[in-house]
There are 4 protein chains.
Amino acid sequence: MISAGVFGATGYTGFELIKILEKHPEVEIQFAASQSFTGQILANIYPKAPPLPLIDGRNAPYDQVDVVFLCLPHAAAAETAVTALAAGVKVIDLSADFRLEDAAVYEEWYGKTHPAPHLLETAVYGLTEFARDQLPGANLVAVPGCYPTSVLLGLRPLLAAQLPLAPPIIANAASGVSGAGRKATPTTHFMNVADNYTPYKIGRAHRHLPEIEQVMRWWNPDAPALIFSPHLLPVPRGILSTIYVTPQGAWDLAHIRQLYADAYANEPFVTLLPPGKLASLAYVTHTNRCVIGLTQADDTLIITAAIDNLIKGAAGQAVQDMNVVFGLEETVGLTG
Amino acid sequence: MISAGVFGATGYTGFELIKILEKHPEVEIQFAASQSFTGQILANIYPKAPPLPLIDGRNAPYDQVDVVFLCLPHAAAAETAVTALAAGVKVIDLSADFRLEDAAVYEEWYGKTHPAPHLLETAVYGLTEFARDQLPGANLVAVPGCYPTSVLLGLRPLLAAQLPLAPPIIANAASGVSGAGRKATPTTHFMNVADNYTPYKIGRAHRHLPEIEQVMRWWNPDAPALIFSPHLLPVPRGILSTIYVTPQGAWDLAHIRQLYADAYANEPFVTLLPPGKLASLAYVTHTNRCVIGLTQADDTLIITAAIDNLIKGAAGQAVQDMNVVFGLEETVGLTG
Amino acid sequence: MISAGVFGATGYTGFELIKILEKHPEVEIQFAASQSFTGQILANIYPKAPPLPLIDGRNAPYDQVDVVFLCLPHAAAAETAVTALAAGVKVIDLSADFRLEDAAVYEEWYGKTHPAPHLLETAVYGLTEFARDQLPGANLVAVPGCYPTSVLLGLRPLLAAQLPLAPPIIANAASGVSGAGRKATPTTHFMNVADNYTPYKIGRAHRHLPEIEQVMRWWNPDAPALIFSPHLLPVPRGILSTIYVTPQGAWDLAHIRQLYADAYANEPFVTLLPPGKLASLAYVTHTNRCVIGLTQADDTLIITAAIDNLIKGAAGQAVQDMNVVFGLEETVGLTG
Amino acid sequence: MISAGVFGATGYTGFELIKILEKHPEVEIQFAASQSFTGQILANIYPKAPPLPLIDGRNAPYDQVDVVFLCLPHAAAAETAVTALAAGVKVIDLSADFRLEDAAVYEEWYGKTHPAPHLLETAVYGLTEFARDQLPGANLVAVPGCYPTSVLLGLRPLLAAQLPLAPPIIANAASGVSGAGRKATPTTHFMNVADNYTPYKIGRAHRHLPEIEQVMRWWNPDAPALIFSPHLLPVPRGILSTIYVTPQGAWDLAHIRQLYADAYANEPFVTLLPPGKLASLAYVTHTNRCVIGLTQADDTLIITAAIDNLIKGAAGQAVQDMNVVFGLEETVGLTG
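Numbering of residues begins from 1 in every chain and follows the order in which that chain's sequence is written. Here every chain gets a letter starting at A, and every ligand a number starting at 1, in the order they are written. Selection of residues for local features in this predicted model requires a pLDDT of at least 70, selection of side-chain atom pairs for listing and counting requires 80 or more, and totals for whole chains, interfaces and linings are taken over all residues. Side-chain metrics in this entry use all non-hydrogen atoms of the structure; hydrogen atoms and water are not considered.

A. Local environment of the domain arrangement of chain A. All names here are of chain A. Per the domain assignment, the segments making up chain A are domain 1 (2-122) and domain 2 (147-309). The distance between the C-alpha centroids of domain 1 and domain 2 comes to 27 Å. Computed with a 1.4 Å rolling probe, the buried area is the accessible surface lost when two parts are put together, summed over both parts. The contact between domain 1 and domain 2 buries some 1,200 Å² in all, and 53% of this surface belongs to carbon and sulfur atoms. The three residues of domain 1 that bury the most area against domain 2 are Tyr12, Arg99 and Trp109, which together make up 50% of that side's buried surface. Only one rule defines a salt bridge in this text: a Lys or Arg side-chain nitrogen within 4 Å of an Asp or Glu carboxyl oxygen. Counting the contacts that link domain 1 with domain 2 gives 2 salt bridges. Any pair of nitrogen or oxygen atoms within 3.5 Å is treated as a polar contact; in protein, a donor-acceptor pairing is required on top of that, and neighbouring residues in sequence qualify only through side-chain atoms on both sides. Where domain 1 meets domain 2, there are 7 residue pairs in polar contact (both at pLDDT 80 or more). An automatic or database domain assignment provides the domain bounds reported here.

Dropping the structure here:
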């Protein structure tokens, strides 16, 4: 039995994680911490939540847990990670703090000096399907961002095959409102979301851009630049990325389908859809699945990739990572 | 040409009013005031708004207007009304400040001493269809609340006929999110509204209860008490009230239909639906209409009454009132 | 291990049942039948479904199953039940066919002569919480309707206490669109549902009325008549019933709260909310829970009761019944 | 006063057109025809509609009208156009029948031999802003498709400037459900649309592709090929196209902004948003506006263009065309 603590339990990601861990047969939630709601119980914040007491994270009983999950704002996560690791506790961080390998890039995009740059090189980037070598026994896991998970799973077989690709790759992505967080703002007001559809930070302006490009270049140093355009959808959850790639030279769809089929043949949570089928949110919400569709349009390959932003894009993948870290069956506790 | 000023132009009601006044052939908007956005232009707050400058209400040029519309919080509205009336400007108040005739009842429900109790008896309660005698030339009009408009139009013919009714009358009402205001709060967060349906302040707890009962008793001193149960709908706009009344003694639906048919035969904005038809939001959103359906269930009469909360329930009715106050055709500038 | 078959696997209820049974540790789905999609696989109809082959129900291998679930239209269900029972297979029927004890009432409301009236008295009405004496070993279970489940759980403690109640009881209920079925009709077209809210068959016109009144009178022969008014909500799933009851004579809310607290103290799936809290869909969607809030308004008691119409109102309760029939722990395979 | 007839009055486009024409001060609706609902009144089909009788289109009184609007399926529209033109009546066709100049291309994409190829060269492609020379007095107008309107207005200044552009241009577009028509199908079922977001016919598979490319090449014979990917949004109305273009050679955003500013400076219905602003549905629903935002991302220009698919994308533009055809002020009867 793994004893776990959750920091930031009252954000959408934190609560989603609590729901998964509660049903996980190999995990016991030892504590849940919340800065805003210290002393309350989780059921007061979420109607469907269990009556879990919310402690002050500064008093977390590290000696009673094997692992902590950090659903904290960036910088705060890194600081907590330092404390937890020092106490001998494994850390699975759902913030952005350990995703970028270069502290300077972090500072540029997140506007803060990295609180623990010495930990960057020990962190495992936990896109589970492609981190199975590094995860077992790891002490610090950086769970990928939600958009990056969808785009990277959509691009991986193409990049891994080292096919030359014409610049740029364009990812037109759309996300449900839970991605914008629990804070009540004009952006998340029902009246501004319902019956609307809104692009934001399109092009090369969103913080997930450097994360995606970093991983693309791990897989293929010649990967072209990315144009990444997020849009806000009037739905609670789910991400669909519609990705446009132009392989250089002649190519055929059957060959590329085979790359994907081979890459994902045995994946419990990644599904290549049959020819003619396109990904949509309906395939993936409330699951840890990613579904991928492939379409050819003249010289352009269009990849549609869908995930649930809160599960495969956050809490579910965090648990999938945890399972591998602790040597459990990878799918345990997760809905495919 | 009527020269008008609008206070509170950046709330949902204020903006809806601006949209109506802008197209009104007999009105010129002289100024729009906003406390929160003084110095900005309305188009910065609402994508569809015109580039109207927003002035500080304290500097309102009363000498340039014939009428001001108050889309202000309660108490603030009454204070502005005092100033405007003193300057010889007519006031159409969309707040709750002049709806209740008794300052003590106001204080009980709104938690504040009434700022201008001496004005209460001069105010006309502007449920237009039943205030045509009092509105022409009136200096101070209290536009009814949104829920009261739907419930009162639904009950009026029954009450006016002085039919004895068994207590209580039950109004189960549901409103779109614009009724909750422009402020970003957990209540209006998309995640808490979408895929949800929530009762609030049900029974005898909502501020619109005393307003409705007051008018019911103007029309029929023996009107029974009201149970009023609002619910929040995952839609931007519209109110449906499903009202349960039990007339005492024998009654038949045909007779009661006739009361409604007679009462509303010549009304441009109130429609009695044919037998078997029920009101729904689809009849009324984006219009100044109220539609009413009548159903019998054993001894109980069920009245369904629908309006657009921002139009017939606020800005539209305010303009309808203004039209009568100034002797214009009642329907001008309004969508039926 | 229980071997189960599902008829009508491609309707919303059937698919929800498949999802629950697939994860149920004590059940193996032996077959899934569909008239409309015979020969196809379930994943072709629902993006999230498993690749389950859909057989022709007429060829169902009854000798390989312990129990069949019937998610069929009325009348068709009864005919299949006869065949299954004759083959020695237990039947859990999610249609309306065995809910009404009187074949004449069935004929009046469902417009068909009952196909198997001789079975009516053997059927157990499976509102699990109040059928635990009759369910173990039962051969034929009638799973209650969705609206009846919410109204009956909301009323039960009051009726069981034999408190005298003034007529009528009014249940103003609202349901998500899945309750209207998978068939594409004008009623279920997105354009007619979104941004709308629609009453239908209000008063004493909906088929669930006689079912509810029948059970109310089992519990209290003097129960008053019911007014039952369903409304269609622009949400996929969930039912909220707002129920108005007037106990005769003096009463206090604390006493009535105690009746509910006692009745549901040990129920895994029924929760009495704390004072001041009202039920809403957010408490229950995607779970087998029912939550209940109690409010007093003068002489009237207002009960708010919410369930997920597809789970506690259909597939979840069917599995809860099955668990009791077969002597399993009642909560196994279900989400509270 | 223009006397007008409407064919196909009961589709979404037809009803939207009726709503606009009813308020148009220079138009009188002489008749409304509907094949499916002949003999009924429009208010039976749409709650908000007027009680307009629906005649059989085959009995249309052509001698009483100056113009007919065709909101008919393709092929049926062309056949009606032939009859109307022969009767000396002007035709504004909202179908696809006269948009493509080449009958062979029409046959390829619409699967039918064109019913009236001899009319193709007389038809004016009514993208009003760029057809003002040809529209006055025209007898046959082809109103552009909804997606084409958004994409073409978004691309026009760039194409007109004859800037060399690298292939392909990618238009990632999303539309509300009204674009899918009034027919109840699985695609338009609330359960399949709500909480979902679905790509369809992406790449080079949608019928609007050849229409867009044809007009692109009128404006710039060297315009690159288009990749056009529509998606279905869970909203009733509105289209947002996010368009990716890579000008060849060096370019700067200020220069391109100036092209757009110049092109649209005096347009009543097309608005270039200020730097940093992106188009969204909230700017345009329920109006005849198109708003356009420009963003640079390295070498790529991203154009966001939004319209209301039923208004500027259909009925509104049809009326805008009619205004020009008959020499009225272009904006009369339309909401900017």
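There is more to say, and it comes next.
B. Here's a closer look at empty space enclosed by the protein. Grid points spaced at 1 Å and placed over the protein atoms alone form the basis of the search, with a cavity being a set where a 1.4 Å probe fits but cannot get out and a pocket an open set showing protein on both sides within 12 Å along at least five of seven lines. Lining residues have an atom within 4 Å of a point. Grid points are joined across faces, edges and corners, and a volume is the space filled by probe spheres set on the points. In total, this model carries 1 cavity of 30 Å³ or more according to the counting rule given. One number sums up the size of the largest cavity: a volume of about 250 Å³. Lining the largest cavity we find 18 residues, and of these Pro234 of chain A, Pro234 of chain B, Pro234 of chain C together with Phe190 and Pro234 of chain D sit closest to its centre. Among the residues making up the lining of the largest cavity, the classes are represented as 14 nonpolar, no polar and 4 charged. Gly is put with the polar residues, along with every residue not named as nonpolar or charged; the nonpolar set is Ala, Val, Leu, Ile, Met, Phe, Trp, Tyr, Cys and Pro, and the charged set is Asp, Glu, Lys and Arg.

C. View of the environment of Asn59 of chain D. Here Asn59 of chain D lies in the loop between β3 (54-55) and β4 (67-70). Counting along the chain gives 48 residues from Asn59 of chain D to Gly11 of chain D, while the straight-line C-alpha distance between them is 19 Å. Helix and strand labels come from DSSP, where a helix needs a run of H or I of at least four residues and a strand needs a run of E of at least two; each type is numbered from the N terminus.

D. Highlighting the sheet that holds strand β12 (residues 270-272) of chain A. All names here are of chain A. A pair of strands is considered paired only if DSSP assigns at least 2 bridges between the two. Sheet architecture is open: 7 strands sit in the order β9-β10-β8-β11-β14-β13-β12, paired in mixed fashion. Looking at strand neighbours, the two that pair on one side only are β9 (198-199) and β12, the edges of this open sheet. Packed on one face of the sheet, helix α4 (residues 146-160) meets β8 (165-175), β10 (226-232), β11 (239-247), β12, β13 (290-297) and β14 (300-307) and runs near 30° to β11. Working rule for contacts: check all heavy atoms of both residues, and any pair within 4.5 Å makes them a contact. With axes taken as lines fitted to C-alpha atoms, and helix axes fitted only over the stretch in contact, angles between N-to-C directions fall between 0 and 180 degrees.

E. Representation of the relation of the copies chain D and chain A. When the copies are overlaid, the least-squares fit takes in C-alpha atoms only where the residue has pLDDT of at least 70 in both copies. If you rotate chain D by 180° and push it 0.0 Å along the axis, it lands on chain A with an RMSD of 0.0 Å. Both copies are brought into coincidence by an operation consistent with a two-fold rotation axis. Mapped onto chain A, 100% of the interface residues of chain D are again interface residues, and the two copies thus contact each other with one and the same surface.

F. Region of the structure containing the interface of chain B and chain A. In this complex, chain B contributes 19 residues to the contact, which on the side of chain A involves 19 residues. Both faces combined, the contact of chain B with chain A buries some 1,400 Å², and carbon together with sulfur accounts for 77% of it. The three residues of chain B that bury the most area against chain A are His189, Phe190 and Met191 of chain B, which together make up 48% of that side's buried surface. Put simply, chain B and chain A have 0 salt bridges between them. Counting across the interface, chain B meets chain A through 4 residue pairs in polar contact (both at pLDDT 80 or more). Counted by class, the side of chain B that touches chain A contains 11 nonpolar, 5 polar and 3 charged residues.

G. Looking closely at the pattern of salt bridges. Evaluated as defined, the whole model comprises 44 salt bridges over all chains. The closest approach of N and O atoms between Asp298 of chain D and Arg204 of chain A, which form a salt bridge, is 3.3 Å. With one member in each of two chains, Asp298 of chain D in the loop between β13 (290-297) and β14 (300-307) and Arg204 of chain A in the loop between β9 and α6 (208-219) form a pair that bridges those chains. Judged by its relative accessible area of 45%, Asp298 of chain D falls in the partly exposed class. Linked through salt bridges whose partners overlap, the residues forming this network are Glu16, Lys19, Arg237 and Asp308 of chain A. Exposure categories follow from relative accessible area, calculated using a 1.4 Å probe and restricted to protein chains: below 20% of the type maximum is buried, above 50% is exposed, and the middle band is partly exposed.

H. Inspection of the interface of chain D and chain A at higher detail. Contact residues are listed per partner, giving 35 residues for chain D and 35 residues for chain A. Of the roughly 2,700 Å² buried where chain D meets chain A, counting both sides, 69% is carbon and sulfur surface. Of all residues in chain D, the largest losses of buried area upon contact with chain A belong to Tyr197, Ile202 and Tyr244 of chain D, amounting jointly to 20% of the total for that side. Our enumeration of links across chain D and chain A arrives at 2 salt bridges. In this assembly, chain D and chain A are joined by 15 residue pairs in polar contact (both at pLDDT 80 or more). When contributions to the side of chain D that touches chain A are tallied by element, the ones reaching two or more residues are β8 (165-175), β9 (198-199), β10 (226-232), β11 (239-247), β13 and β14 of chain D. The element contributing the most residues to the side of chain D that touches chain A is β8 of chain D, with 4 residues. Residue composition of the side of chain D that touches chain A, by class: 20 nonpolar, 11 polar and 4 charged.

I. Up close: the sheet that holds strand β14 (residues 300-307) of chain C. All names here are of chain C. Taken in spatial order, the 7 strands of this open sheet run β9-β10-β8-β11-β14-β13-β12, and their pairing is mixed. Bordering the open sheet on either side are β9 (198-199) and β12 (270-272), each of which pairs with just one other strand. Sheet topology places strand β8 (residues 165-175) next to strand β11 (residues 239-247); 8 bridges connect them, and they run antiparallel. Note on β11: the bridge partner recorded for Ser175 is Ile239. Set on the sheet, helix α4 (residues 146-160) makes contact with β8, β10 (226-232), β11, β12, β13 (290-297) and β14; between it and β11 the angle comes to about 30°.

J. Structural detail: the relation of the copies chain B and chain A. Aligned on chain A, chain B shows an RMSD of 0.0 Å; the corresponding rotation is 180° and the shift along the axis is 0.0 Å. Both copies share a contact surface, since 100% of the interface residues of chain B are interface residues in chain A too.

K. Just the packing of helix α4 (residues 146-160) of chain B against helix α6 (residues 208-219) of chain B, in detail. All names here are of chain B. Between α4 and α6, whose axes approach to 10 Å, the crossing angle comes to 25°. As far as their axial angle goes, α6 and α4 are roughly parallel. Judged by the twist between their axes, the crossing of α4 over α6 is right-handed. Along its contact with α4, which presents Cys146, Tyr147, Pro148, Val151, Leu152, Leu155, Arg156, Leu159 and Ala160, the element α6 presents His208, Glu211, Ile212, Val215, Met216 and Trp219. Split by residue class, the contact of α4 with α6 holds 12 nonpolar, 1 polar and 2 charged. Angle categories are assigned with fixed cut-offs, so that under 35 degrees is roughly parallel, over 145 is roughly antiparallel, 65 to 115 is roughly perpendicular, and the rest are oblique. Less than a right angle of anticlockwise turn of the near helix away from the far helix marks a crossing as left-handed, whereas a clockwise turn marks it as right-handed.

L. Spotlight on the pairing of strand β2 (residues 27-33) of chain D. Residues and elements named next belong to chain D. Burial analysis of β2 places 5 of its 7 residues in the buried class, the great majority of the element. As judged from the 6 bridges shared by strand β1 (residues 2-7) and β2, these two strands associate in the parallel manner. Note on β2: the bridge partner recorded for Ser3 is Glu28. With the strands aimed away from the viewer, a crossover counts as right-handed if its path from the first strand over the helix to the second runs clockwise. Note on the crossover from β1 through helix α1 (residues 12-23) to β2: the handedness is right-handed. Direction of pairing for β2 relative to β3: parallel, over a ladder of 2 bridges.

M. The arrangement of the pairing of strand β5 (residues 90-93) of chain A in detail. Residue and element names in this part refer to chain A. Residues of β5 alternate between two faces, with Lys90 and Ile92 on one and Val91 and Asp93 on the opposite face, all of them buried. Direction of pairing for strand β4 (residues 67-70) relative to β5: parallel, over a ladder of 4 bridges. Residue pairing for β5: Val67 is matched across the bridge by Lys90. With helix α2 (residues 76-86) bridging β4 and its parallel neighbour β5, the resulting β-α-β unit is right-handed. When β5 meets strand β7 (residues 140-142), the two strands line up parallel, connected through 3 bridges. If you follow Asp93 over to β7, its bridge partner there is Ala142.

N. A look at the side chain of Asp56 of chain B. Residue and element names in this part refer to chain B. Looking at where Asp56 falls in the secondary structure, it is placed in the loop between β3 (54-55) and β4 (67-70). One polar contact links Asp56 to Arg58, side chain to side chain, over a distance of 2.7 Å. If sequence neighbours within four positions are ignored, Asp56 has contacts with Ala33 and Thr38.

O. Structural detail: helix α2 (residues 76-86) of chain C. Residue and element names in this part refer to chain C. All buried positions along α2 are accounted for by Ala77, Ala78, Thr80, Ala81 and Ala84. One side of α2 carries all its buried residues, which in axial view fall inside an arc of 160°. Exposed side of α2, more than 90 degrees from the buried face: Glu79 and Ala86 are the residues found there. In this fold, the buried residues of α2 make contact with β1 (2-7), β4 (67-70) and β5 (90-93). It is the directions from the helix axis to the C-beta atoms whose arc is reported.

P. Examining the packing of aromatic side chains more closely. Two rings from Phe, Tyr or Trp (for Trp, the six-membered ring) form a pair when their centres sit within 6.5 Å of each other. Planes less than 30 degrees apart are called stacked, planes more than 60 degrees apart edge-to-face, and all others tilted. If you walk through the whole model with that rule in mind, you get 44 aromatic pairs over all chains. Considering the side-chain rings of Phe7 of chain B and Phe31 of chain B, the 5.4 Å spacing of their centres and the 85° angle between planes classify their relative orientation as edge-to-face. In this pair, Phe7 of chain B sits in strand β1 (residues 2-7) while Phe31 of chain B sits in strand β2 (residues 27-33), placing the two residues 24 residues apart along the sequence. In this pair, the class of Phe7 of chain B matches that of Phe31 of chain B, namely buried. With a centroid separation of 6.1 Å and an interplanar angle of 25°, the aromatic rings of Phe7 of chain D and Tyr62 of chain D are classed as stacked. Here Tyr62 of chain D lies in the loop between β3 and β4 and Phe7 of chain D lies in strand β1, a separation of 55 residues in the sequence. The burial state of Phe7 of chain D is the same as that of Tyr62 of chain D; both residues are buried. What links up through ring pairs into an aromatic cluster is the set Phe130, Trp219, Tyr260 and Tyr264 of chain A. The rule is short: NZ of Lys or CZ of Arg within 6 Å of the ring centre and within 35 degrees of the ring normal puts a charge over the ring. The ring of Trp219 of chain B carries the charged tip of Arg156 of chain B above its face, separated from the ring centre by 4.8 Å.

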